[in-house]
Amino acid sequence: MNGGWRTPGPWADRVRVAVWAAVVVAVVAPRLVGFTTDSDAYLDVARNLRDGRGLVQTVVDFWRPGNPDALGMWPPLYPAGIAALSLPGLPLEVAARLLSALAYVAFAIAFHALARRAGGRGFAFVAAIVVLLGPGLAQAGATAWSESLYLFLLTAGLVGAFDLTHRGARPPAGAREAAWTGLVLGLAADTRYMGIALV
């Protein structure tokens, strides 16, 4: 065996997984409409945020007709991300799908990191590829939905929790890691209220 050969580090594998996730989104996105009634509600809240009207919903959706409520039905983080991405002039529809795609790639990296910690390099790579090929997950990465952002934040929080419990971090580093993990999980809850049960 060549003496210069080394097993790639975790970041080399994560780059491979990120490229794989980007390819999946690139293949799936043109085959989808990319928007649903949920997407319309997210875009409405994002438009209101971007235009300075605050966190309000002006479009009444089928979930609760006659009762628009941005905070009650549509958690604020995904629309806020859409609004932020649209500030340089990107159309809201493009910003929404771009945020979902970027979050899908970030989820792939976080999921790989968690799987590598739990099962090693080979397991992590295979598990990440299999999960990323799930039709519903691939669709979420190419659609104006909050699921990809939620899954990224939840998985990143789980990586932090795994590290805290398995490395036995001591203060002050342990306190910083715990605070960071709590913040990320809190952001996940502000992305998908229904997902709080998983947190």
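1. Comments concerning the confidence of the model for the chain
Residues with a pLDDT of 70 or more make up 83% of the chain, whose mean pLDDT is 86. Within the model, pLDDT remains below 50 along residues 1-5, and this stretch shows zero contacts once partners closer than five positions in the same chain are excluded.

2. Remarks on the environment of R16
Inspection of the secondary structure puts R16 in helix 1 (residues 10-28). As a C-alpha pair, R16 and I109 span 93 residues in sequence and 9.2 Å in three-dimensional space.

3. A short note on the environment of A18
Relative to the helices and strands, A18 is located in helix 1. Residue A18 is classed as buried on the basis of its relative accessible area of 14%. Between the C-alpha atoms of A18 and I109, which are 91 residues apart in sequence, the distance is 6.0 Å.

4. Focus on the side chain of D13
Along the chain, D13 turns up in helix 1. Polar side-chain contacts of D13 include one of 2.8 Å to the side chain of R116.

5. Side note on the nonpolar core
Among the nonpolar cores identified, the biggest contains 21 residues, and Y78, I82 and A96 are the most heavily contacted of them. Breaking this core down by element, the ones donating at least two residues are helix 2 (37-50), helix 4 (77-86), helix 5 (92-119), helix 8 (147-167) and helix 9 (173-189). The greatest single-element share of this core, amounting to five residues, is contributed by helix 5. Each residue touching A96, except ones within four places of it in the same chain, is listed here: L43, Y78, I82 and A144.

6. So, a nonpolar patch on the surface
Judged by side-chain polarity, V15, V19, V23 and V27 come together as a nonpolar surface patch covering roughly 320 Å² of accessible area. Relative to the helices and strands, V23 is located in helix 1.

7. Focus: the pattern of salt bridges
Taken as a whole and assessed by the stated rule, the structure comprises seven salt bridges. For the salt bridge of R117 with D163, the shortest nitrogen-to-oxygen distance reads 2.6 Å. Separated by 46 residues along the polypeptide, R117 in helix 5 and D163 in helix 8 bring together distant segments of the chain. Several salt bridges converge on common partners, so that one network encompasses D13, R16, R116 and R121.

8. Considerations on helix 6 (residues 121-132)
Note that an α-helix has 3.6 residues per turn; residues three or four places apart therefore point the same way. The end-to-end C-alpha separation of helix 6 is 17 Å, in line with the 16 Å expected for 12 residues at 1.5 Å each. When helix 6 is considered as a whole, its buried residues turn out to be A124, A127, A128, I129 and L132.

9. Points about the packing of helix 5 against helix 6
Where helix 5 meets helix 6, the closest approach of the two axes is 8 Å, and the angle between their N-to-C directions is 145°. Here the hand of the crossing between helix 5 and helix 6 comes out right-handed. Residues Y104, F107, A108, F111, H112, A115, R116 and G119 of helix 5 touch helix 6, and the partners they reach there are R121, F123, A124, F125, A127, A128, V131 and L132. Looking at the contact of helix 5 with helix 6 residue by residue, the class counts come to 12 nonpolar, two polar and two charged.

10. Regarding the packing of helix 5 against helix 8
As a packed pair, helix 5 and helix 8 sit with axes 8 Å apart at the nearest point and diverge in direction by 25°. By the criterion of interaxial angle, the relationship of helix 5 to helix 8 is roughly parallel. As for how helix 5 packs across helix 8, the hand of that crossing is left-handed. For the pair helix 5 and helix 8, the contacting residues are S100, A103, Y104, A106, F107, A110, F111, A113, L114, R117 and A118 in the first and S148, L149, L151, F152, T155, A156, L158, V159, F162 and D163 in the second.

Basis of the calculations
Residues numbered from 1 in each chain as written. Predicted model: local features only at pLDDT ≥ 70, side-chain atom pairs only at ≥ 80, totals over all residues. Heavy atoms only, no water. pLDDT = per-residue confidence, 0-100. Contact = heavy atoms within 4.5 Å. Helix = DSSP H or I, 4+ residues; strand = E, 2+ residues; numbered from the N terminus. Buried < 20%, exposed > 50% of the residue type's maximum accessible area, 1.4 Å probe, protein only. Polar contact = N/O pair within 3.5 Å; in protein donor to acceptor, adjacent residues only side chain to side chain. Core = buried A, V, L, I, M, F, W, Y, C linked by side-chain atoms within 4.5 Å. Patch = residues over 30% accessible without salt bridge, like charges linked within 9 Å, V, L, I, M, F, W, Y side chains within 5 Å. Areas by Shrake-Rupley, 256 points an atom, 1.4 Å probe, with all protein chains shown as cover. Salt bridge = Lys/Arg side-chain N within 4 Å of Asp/Glu carboxyl O. Expected span 1.5 Å × (residues − 1). Axes fitted to C-alpha atoms, helices over the stretch in contact; angles between N-to-C directions. Left-handed = near helix turned anticlockwise from the far one by under 90°. Nonpolar A, V, L, I, M, F, W, Y, C, P; charged D, E, K, R; others polar. Parallel < 35°, antiparallel > 145°, perpendicular 65-115°, else oblique.

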